[in-house]
Amino acid sequence: MRIVVTCGPSFDPIGEVRRITNFSTGELGTMLANALTRAGHRVICFRGAAAANPARLTHAGQIAFTTNDDLLARLEALPQRENVHAVFHAAALSDFKVQHDPGARKIPSRHGPLTLTLLPATKLIDRLPALFPGGRGGALRGGVTARPGRTGRGSPRKINSCTNLEQRLRKPPAPPD
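Notes on the structure follow. On a predicted model such as this, the values are computed, not experimentally measured, just so you know.

Thresholds, definitions, all that
- Counting from 1, residues in each chain are numbered in the order their sequence is written.
- pLDDT decides what is reported in this predicted model: residues at 70 or higher carry local features, side-chain atom pairs at 80 or more are listed and counted, and totals for whole chains, interfaces and linings draw on all residues regardless.
- The side-chain figures draw on all heavy atoms in the structure; neither hydrogens nor water molecules are used.
- Numbering of helices and strands runs from the N terminus, with a helix taken as a DSSP run of H or I at least four residues long and a strand as a DSSP run of E at least two residues long.
- For every residue, the accessible area obtained with a 1.4 Å probe (protein chains only) is divided by the maximum for its type, and the residue is called buried under 20%, exposed over 50%, and partly exposed between those limits.
- It only takes one pair of heavy atoms within 4.5 Å for two residues to be counted as in contact.
- Using the Shrake-Rupley algorithm and a 1.4 Å probe, accessible areas are obtained, with residue cover drawn only from the displayed protein chains.
- To qualify as a nonpolar core, a set must consist of buried Ala, Val, Leu, Ile, Met, Phe, Trp, Tyr and Cys residues joined through side-chain atoms within 4.5 Å.
- Any pair of nitrogen or oxygen atoms within 3.5 Å is treated as a polar contact; in protein, a donor-acceptor pairing is required on top of that, and neighbouring residues in sequence qualify only through side-chain atoms on both sides.
- Basic side-chain nitrogens of Lys or Arg form a salt bridge, by our definition, when they fall within 4 Å of a carboxyl oxygen of Asp or Glu.

### Some remarks on the overall build of the protein
Summing up its helical and strand segments, the protein has four helices and nine strands in all. Counted from the first residue to the last, the protein has its helices and strands arranged as β-β-β-α-β-β-α-β-β-β-α-β-α. Taken across its 177 residues, the protein has 40% of its residues classed as buried. Excluding contacts between residues fewer than 6 apart, the proportion of contacts in the protein whose partners are at least 24 apart in sequence is 72%. Total accessible area computed for the protein in this model is approximately 10,600 Å², and 52% of it derives from carbon and sulfur atoms.

Below is the structure:
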C-alpha cells in the first residue's frame, strides 16, 4: 500500500526571526511511518521542519514542511495522489497565523510592546479526502512529550494502536465487493 503520514509541528513566522508554533516532537508520526515501512508499505512522511524528535525515518521518504499552507502545497504537489491508499494525519498544525505587514523584516524589541493580530490558519483535515480520493485514514490526536522517560497522557494507548495497526496492515487488503 502507498501511505502518507504527517507529523511534527507547523509554524507561522513573526517577521524574519521569530515564529509561533504548536509544540510537537513528531515522534508519533515517525513511529507510525517506521512501523508501516517495516510492514512492507511505501510511506512518504511529511514532517514539520521544527519536529523535536531525533528519531530517523527508516526507509520512508521524507518531505519537510513549515506552515500549514506549505504542507498543503506539498501535499497537492505529491505525484499520483489518487494512488495513496491511506493517510495518517498526526501533524500538530497551527490554529492561527499572524497577519503580516508586507514590508516587515526583523522586528526590533527596542521599539517596545508588540501587538499581533492572529487570523484563522488553513485547516487541512477537511481537505484530505479530496486530496487523496483513494485513501482512508484520519487524524491522530495526542502524542509523546520530549522529556526522556515520560510520555504524554494517552501516548501508550496511541503507541499501542500503532503496533496493532502495523499488525493489521501486514494482511493484504480484502478484495473489492
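Moving on from the coordinates now.
### A look at the nonpolar core
Membership of the largest hydrophobic core comes to 16 residues, with the highest contact counts inside it found for Val4, Phe46, Leu71, Leu75, Leu78 and Phe132. Broken down by secondary-structure element, the contributors of at least two residues to this core are strand 4 (42-48), helix 2 (68-76) and helix 3 (128-131). A per-element tally of this core places helix 2 first, with three residues. Judged by nonpolar contacts, the second largest core, of 12 residues, contains Ile3, Val5, Cys7 and Cys45.

### Description of unusual backbone geometry
Leaving glycine aside, a negative phi is the common case for residues, and trans is the common case for peptide bonds. In this structure, His59 takes a positive phi of about 70° despite not being glycine. In this structure, His59 sits in the loop between strand 4 and strand 5 (61-65). Despite not being glycine, Gln80 shows a phi value in the positive range, around 55°.

### Considering the side chain of Thr37
Position of Thr37 relative to the elements: it lies in helix 1 (residues 27-38). Looking at Thr37, its side chain comes within polar contact range of the main-chain oxygen of Asn34, at 2.9 Å. Those residues in contact with Thr37 that sit more than four places away from it in its chain are Val43, Thr58, His59 and Ala60.

### Details of the pattern of salt bridges
Taken as a whole and judged by the stated rule, the model has two salt bridges. As a salt-bridge pair, Arg74 and Asp70 come within 2.9 Å of each other at their nearest N and O atoms. Of this pair, Arg74 and Asp70 both sit in helix 2, four residues apart, roughly one helical turn. Given a relative accessible area of 18%, Asp70 falls into the buried group. Asp95 serves as the salt-bridge partner of Lys123, at 2.9 Å between the closest nitrogen and oxygen. Here Lys123, found in the loop between strand 8 (118-120) and helix 3, pairs with Asp95, found in the loop between strand 6 (86-89) and strand 7 (96-98); they are 28 residues apart in sequence, far enough to count as distant. Taking relative accessible area as the criterion, Asp95 reaches 42% and is therefore assigned partly exposed.

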